[in-house]
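# Residue-level structural notes
Letter by letter, the chains look like this.
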Amino acid sequence: MASILKLFEHEAKTIFSKYKIPTPTGELVTSSSRVLELASKINVPVVIKAQILVSGRGKAGGILYANSLVEAELVAKKLLGAEIKGFKVQSVLVEEKCVIKRELYFSIAVDRSNRSYVAIASPEGGIEIEEVAKVAPKKIIKFFIDSLLDFDLHQAHQIAKKLGYSGSQMQNLAMILLKLYNVVIDFDAELAEINPLIETPEGTFIAVDSRIILDDNALYRHPEFKRRLTENGKSEFSTLELEAHKKGLSYVTLDGNIGVIGNGAGLVMATLDTIQLFGGSPANFLDVGGGASAEEMASALNIVFSDPRVDVVLINILGGITRCDEVARGILMARGRVNFLKPVVVRLMGINEEDGRLILKEGGIQILDSMEEAAKKAVEIAKTGG
Amino acid sequence: MGILVGEETRAIVQGITGTQGSFQTKLMINYGTKIVAGVTPGKGGTKEHKVSVYNTVEKAVKNHDANTSIVFVPARFAADAVLEAIKSDLKNIIVITEHIPVKDSIEIMAMAKKYNATIVGPNTPGIITPGECKLGVMPSSIFKSGIVGIVSRSGTLTYEIAARISVKGMGQSTCIGLGGDPVVGLNFVEVLKMFEEDHQTKAVVLIGEIGGNLEELAADFVNKKGYSKPLVTFVAGRTAPPGKRMGHAGAIIMGEAGTAQSKIEAFLEAGVEVAEKPSDVTKMLLRS
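Residues numbered from 1 in each chain as written. Chains lettered and ligands numbered in written order. Predicted model: local features only at pLDDT ≥ 70, side-chain atom pairs only at ≥ 80, totals over all residues. Heavy atoms only, no water.

## Structural notes on the domain arrangement of chain A
Rule in force here: Throughout the structure description, domain borders are defined by an automatic or database domain assignment.
As assigned here, chain A comprises domain 1 (25-96), domain 2 (102-226) and domain 3 (239-384). The C-alpha-based centres of domain 1 of chain A and domain 2 of chain A are spaced at 26 Å.

Structure, rendered in structure tokens:
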């Protein structure tokens with residue numbers, strides 16, 4: 001899969017509420033006419049937040065404020081159905097606007113080089129942690145978690161103390177961090193982030209914004225989220241990406257006009273890089289994996305052939321166990337099926353290579369000996385428009 | 001010679017009766033690898049390609065004096081299988097299985113650290129010391145015994161580069177896949193150290209890709225300690241957009257972290273050669 005499974009803010013907050021991590025009072029609304037019904041539940045002023053899965057929605061106009069519910073209804077009307085950063089807003093979260101004394105940052109993430117979870121905190125909340133890492137790296141507090149011992153209250157206390165809190169505030173803050181770790185463990189999250197976690201003038205803490213990314217390899221343990229990988233409007237994926245995911249293919253949409261199919265993630269990435277090196281621009285990443293059958297090859301090709309931006313297709317198969325005659329048959333089968341008339345360039349290596357070459361030659365498809373030659377040829381064709 | 005696996009390797013196959021496990025066991029035996037036993041809970045007492053199958057790792061290790069395990073167990077059960085191997089005191093465990101949840105991998109790595117075991121992978125094509133031992137799923141015909149050590153996060157891209165090295169007559173000492181997952185055991189720095197000490201290895205090729213910072217750590221290691229053998233690198237994913245997984249679960253740029261550019265710059269800063277395209281790797285090796 002080429003996916004990362006982000007939850008919407010309101011979904012993350014629903015989980016937080018279950019774990020008693022304080023969140024602002026609010027309601028999810030899919031129709032602006034429902035906003036006035038919230039009068040008994042939510043105090044003004046309110047904040048109206050577009051539920052889309054891209055970062056930076058605040059700057060893009062996806063987070064707006066209103067001093068009355070009448071005004072909020074107008075704002076919701078404006079946001080619902082609008083497109084922000086290329087994503088259609090299908091729901092908005094209407095929340096009480098919190099009074100902020102201080103903004104903090106909290107997250108539990110996977111630390112790849114330490115091969116563990118890591119608790120991250122910073123007194124500079126409200127901006128992306130990558131920004132803080134750049135301008136004030138010393139302000140970031142990191143605690144690696146030993147998964148054999150789990151995250152304990154003592155470590156959480158240490159972090160809260162480092163943020164400058166003591167007494168009951170320190171205790172409350174530590175509890176929030178501990179619960180965040182429990183969310184990560186219970187939901188198989190790769191990241192659970194509260195940014196900002198605000199301190200109110202009364203000294204309480206509230207998770208104002210939140211982000212949870214789930215591990216798609218663990219979805220068998222969380223069937224309630226499984227459909228998210230293939231549902232329209234529930235992810236950042238393009239139509240072709242969703243189509244590919246349904247077929248279990250590893251596919252990513254890119255900007256160019258050269259369709260690419262190969263076997264193995266590294267080889268396909270290197271093929272894209274080589275195309276760019278020769279001045280071309282790839283339209284996609286598509287890895288058919290090892291030992292692809294004619295059928296699998298054909299279903300991968302269907303995706304690329306159905307992309308109207310594609311002027312030429314480059315297929316790079318380096319098989320150890322992949323049978324070249326199977327691949328060749330798959331290519332011709334798919335081309336016939338979708339009536340694809342544009343050029344196809346192939347580099348093929350592996351078992352039954354000669355048979356594969358013969359089949360393709362008869363089908364009028366160009367075969368080149370190395371991925372560099374094949375990439376060069378594809379770029380040439382793409383430039384002259386076939 | 002070579003590293004991690006060789007003539008002295010006596011391996012068990014966990015998940016030997018599964019489709020992949022059985023198919024690959026046959027190929028490994030044909031290559032000359034000493035597969036001394038297999039493990040599949042519930043299938044103890046049977047045989048697979050004339051190899052005895054046991055219910056537990058402990059029994060298999062005890063009866064056959066095994067020192068290494070290769071794991072083909074499906075993702076849902078893989079963590080338990082690897083933990084069993086660790087607790088049976090196996091020190092080298094190669095995990096071929098793809099799609100193991102990260103939480104499980106983290107637990108595996110913590111336990112491996114406690115027991116001082118080396119985990120290769122998960123999601124690795126395995127290791128081959130040509131002419132001696134193949135513990136993996138790579139096409140053996142591509143590899144020839146020789147002088148270049150290869151360490152990589154990718155499968156087919158490694159075959160691409162290894163094939164050229166074979167054609168040019170240099171051959172490989174050992175070829176290791178670290179695995180395409182975000183959390184893997186063995187890393188570049190550890191392998192660089194092993195290759196440095198291996199007499200058969202005269203030059204090293206490191207094949208990285210986007211995601212994480214294992215390449216940056218390798219560059220930092222070379223920058224601080226120097227490297228006594230010629231080292232050529234290639235990094236895949238210059239064209240990869242942020243926030244998208246490029247095939248491997250671990251091949252993803254998060255925010256601004258893990259870009260090919262960052263890795264390439266780190267290597268160049270450390271004085272390490274970076275190939276622009278896979279075919280340049282052999283050219284650079286021949287020059288060095």
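Alright, that's what it looks like, and here's the rest.
## A closer look at the sheet that holds strand β6 (residues 92-95) of chain B
All names here are of chain B. As a reminder of what qualifies: One requirement defines pairing of two strands: DSSP has to find at least two bridges between them. A run of H or I in DSSP becomes a helix once it reaches four residues, and a run of E becomes a strand once it reaches two; helices and strands are each numbered from the N terminus. In what follows, a contact means two residues having at least one pair of non-hydrogen atoms within 4.5 Å. Comment: axis = line fitted to C-alpha atoms, over the contacting stretch for helices; angle = value between 0 and 180 degrees taken between N-to-C directions.
Strand order in the open sheet formed by 7 strands is β3-β4-β2-β1-β5-β6-β7, with mixed pairing between adjacent strands. Since the sheet does not close on itself, it has two edges, and those belong to β3 (47-48) and β7 (118-120), each with one partner. Relative to strand β4 (residues 51-54), strand β2 (residues 35-39) runs parallel, the two being bridged by 2 bridges. Within the sheet, the bridge partner assigned to Gly 38 lies in β4 and is Val 53. Against the sheet, helix α2 (residues 57-64) touches β1 (11-14), β2 and β4, its axis set at about 160° to β2. Against the sheet, helix α3 (residues 75-87) contacts β1, β5 (68-71), β6 and β7, and its axis sits at roughly 170° relative to β6.

## A few points about the interface of chain B and chain A
Defined as follows: Throughout, buried area stands for the accessible area (probe radius 1.4 Å) lost by two parts on being put together, summed over both. Definition used for salt bridges: Asp or Glu carboxyl oxygen within 4 Å of a side-chain nitrogen of Lys or Arg. A 3.5 Å cut-off defines polar contacts: any pair of N or O atoms within that distance qualifies, except that in protein one atom must be a possible hydrogen donor and the other a possible acceptor, and neighbouring residues in sequence count only when both atoms are side-chain atoms. For this scheme, ten residues count as nonpolar: Ala, Val, Leu, Ile, Met, Phe, Trp, Tyr, Cys and Pro. Four count as charged, namely Asp, Glu, Lys and Arg, and the remainder, Gly too, count as polar.
Each side of the interface is counted separately: chain B has 62 residues, and chain A has 53 residues. Regarding the contact of chain B and chain A, the summed buried area is about 4,600 Å², with carbon and sulfur atoms giving 59% of it. Three residues, Lys103(B), Thr239(B) and Arg245(B), lead the burial of chain B against chain A; their summed loss comes to 16% of the area buried on that side. A salt bridge links Glu241(A) to Lys244(B); the nearest nitrogen and oxygen atoms lie 3.0 Å apart. Along the contact surface separating chain B from chain A lie 18 residue pairs in polar contact (both at pLDDT 80 or more). Secondary structure elements with two or more residues in the side of chain B that touches chain A: α3, α4 (102-115), α5 (156-167), β13 (231-236) and α9 (278-287) of chain B. Broken down by element, the residue count for the side of chain B that touches chain A peaks at 9 residues, all from α4(B). Within the side of chain B that touches chain A, the residues separate by chemical class into 29 nonpolar, 16 polar and 17 charged.

## Brief notes about the pattern of salt bridges
Residue and element names in this part refer to chain A. Put simply, the test is: Whether a residue is buried, partly exposed or exposed follows from its accessible area with a 1.4 Å probe, protein chains only, as a fraction of its type maximum: under 20%, in between, or over 50%, in that order.
Within the structure shown, the criterion is met by 37 salt bridges over all chains. In this structure, Glu 9 and Lys 49 form a salt bridge, with 2.6 Å as the shortest nitrogen-oxygen distance. Highlighted residues: Glu 9 in helix α1 (residues 9-18) and Lys 49 in strand β3 (residues 46-50), separated in sequence by 40 residues. Note on accessibility: Glu 9 and Lys 49 belong to one class, buried. Glu 95 is the salt-bridge partner of Lys 13, the closest N and O atoms lying 2.6 Å from each other. Taken together, the residues span a long stretch of sequence, with Lys 13 in helix α1 and Glu 95 in strand β7 (residues 92-96) at a distance of 82 residues. Glu 95 gets classed as buried once you look at its relative accessible area, which sits at 2%.

## A short note on the packing of aromatic side chains
All names here are of chain A. The following threshold applies: Planes of paired rings set the category: under 30 degrees apart is stacked, over 60 is edge-to-face and the rest tilted, where pairs are Phe, Tyr or Trp rings (Trp by its six-membered ring) whose centres lie within 6.5 Å.
According to the stated counting rule, one finds 7 aromatic pairs over all chains in the structure shown. On the basis of an interplanar angle of 85° and a centroid distance of 5.2 Å, the ring pair of Tyr 165 and Phe 205 is categorised as edge-to-face. A residue pair is termed long-range when its members are at least 10 positions apart, and Tyr 165 in the loop between α4 (153-162) and α5 (167-187) and Phe 205 in strand β12 (residues 205-207) qualify at 40 residues. Take Tyr 165 and Phe 205: they sit in the same class, and that class is buried. Feature note: the residues Tyr 19, Phe 187 and Phe 225 constitute an aromatic cluster, connected by ring pairs.

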